[in-house]
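Inside the fold
Chain residues, written in single-letter form:
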Amino acid sequence: MPEGDSVWRAAHQLHAALAGQTLIASDFRVPRFATLDLSGWTVDEVVPRGKHLLMRVVGPEDKRLTIHSHLKMEGAWQVYPPGGRWRKPGFTARCVLRTAVADAVGFSLGIVEVVATANEDSIVGFLGPDLLGPDWDLDEAERRVRSRPEVPIGVALLDQRNLAGIGNIYRCEACFLSGIHPATPVAGVADVRTLMIDAKQLLEVNLGPGRRVTVLNPRGLPVGRMAGRPGYWVYGGERRPCLKCGTPIRRGLLGKPNGEEERDIYFCPKCQPAPA
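Reference entry: report on the structure contained in this document. (Residues numbered from 1 in each chain as written. Predicted model: local features only at pLDDT ≥ 70, side-chain atom pairs only at ≥ 80, totals over all residues. Heavy atoms only, no water.)

1. What to know about the environment of Trp-233
As for its placement among the helices and strands, Trp-233 is situated in the loop between α6 (192-205) and β9 (250-255). When neighbours within four sequence positions are excluded, Trp-233 is seen to be in contact with Glu-173, Phe-176, Leu-177, Thr-214, Val-215, Leu-216, Arg-240, Leu-243, Lys-244 and Ile-249. (Helix = DSSP H or I, 4+ residues; strand = E, 2+ residues; numbered from the N terminus. Contact = heavy atoms within 4.5 Å.)

Right, here's the structure in full:
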């Protein structure tokens, strides 16, 4: 799944390229919307909501629609000059939007749908407070997480109904920074708020250019972008020495919020003791 910072950057790139522009062609390569033609509609704005992208367009008689997309595991939006050569295979394109100044192409999108803008809540209304959004509410996010004390904290942080925007990377890194094993039940975590505050800081640090990093100095500045320095504290670092204590990092599995799939977790067995 994408991390919230990736979706935020994609939304802002699309907004910069398309906002205020009139669509001269649209091509939805999904059966349900294959005949929909939004030529002549104007792109009002593109906004992120957690891991979802909402492109709002305005048409005749002030009709308003939202093009909703979700990147899932492999999706990406890319912007090209008009008629520019795509960098991904054409058969993976799921949505193509053309204006006089730019082409926007959504490749391998997990979700592509069009809904009335007034009905956006039907697709994103279930989401919890967005760590990168204007609706962020730490108290509400904590309340939602703590409402199920038996759930592992690493599962609760991924549950977008609790708070929106955390993916597997940030849950592993936030748990490490708090010294909490991801399998620890919520009831066993004394300070849920700090976990979420750390995750929000890490997301915000990575909204700009450059590779994603979570290793920050005491002033909150990234040092993981320095040559030869690891970008993450634990994520993807199986068997690598922990940056704090030198113990080899371990990899495990932990279920997703809906219980249908397990995801990798990375942790330091010394800094993050497993729950009893």
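2. Regarding unusual backbone geometry
Unusually for a residue other than glycine, Asp-62 sits at a positive phi of about 60°. Among the secondary structure elements, Asp-62 is positioned in the loop between β3 (52-58) and β4 (64-70). Classification of Asp-62 by relative accessible area gives partly exposed; the value is 48%. Positive phi values are uncommon outside glycine, yet Lys-72 reaches one of about 50°. Relative to the helices and strands, Lys-72 is located in the loop between β4 and β5 (76-80). (Buried < 20%, exposed > 50% of the residue type's maximum accessible area, 1.4 Å probe, protein only.)

3. Observations regarding the sheet that holds β3
On the basis of which strands lie adjacent, the open sheet formed by 4 strands has the order β2-β3-β4-β8 and antiparallel pairing. With one partner strand each, in any of the chains shown, β2 (42-49) and β8 (111-116) form the two edges of the open sheet. Neighbour-to-neighbour, the strand axes of this sheet turn through a mean angle of 20°, independent of strand direction. Here β4 pairs with β8 via 6 bridges, running antiparallel. From the neighbouring strand, Thr-66 faces β8, where its bridge partner is Val-115. Together, β2 and β3 form the strand contacts of helix α1 (residues 4-18), whose direction differs from that of β2 by roughly 170°. (Pairing = 2+ DSSP bridges. Axes fitted to C-alpha atoms, helices over the stretch in contact; angles between N-to-C directions.)

4. Remarks on the sheet that holds β5
Ordered by their spatial adjacency, 4 strands build an open sheet running β1-β6-β7-β5, and the pairing between neighbours is antiparallel. Two strands bound the open sheet, and with one partner strand each, they are β1 (25-28) and β5. Going across the sheet, the axis of each strand differs from the next one's by a mean of 15°, ignoring polarity. Relative to strand β6 (residues 93-98), β1 runs antiparallel, the two being bridged by 4 bridges. Bridged to Ala-25 within β6 is Arg-98.

5. What to know about the nonpolar core
Core analysis: the largest hydrophobic core is formed by 41 residues, its most contacted members being Trp-136, Val-145, Ile-153, Leu-163, Ile-166, Met-196 and Val-234. Ranked by residues supplied to this core, first place goes to α6 with 6 residues. Apart from the residues within four sequence positions on either side, Val-234 is in contact with Cys-172, Glu-173, Phe-176, Arg-240, Ile-249, Tyr-266, Phe-267, Cys-268 and Gln-272. Counting residues in each nonpolar core, the second largest holds 29 residues, with Val-7, Phe-28, Leu-53 and Leu-109 among its members. (Core = buried A, V, L, I, M, F, W, Y, C linked by side-chain atoms within 4.5 Å.)

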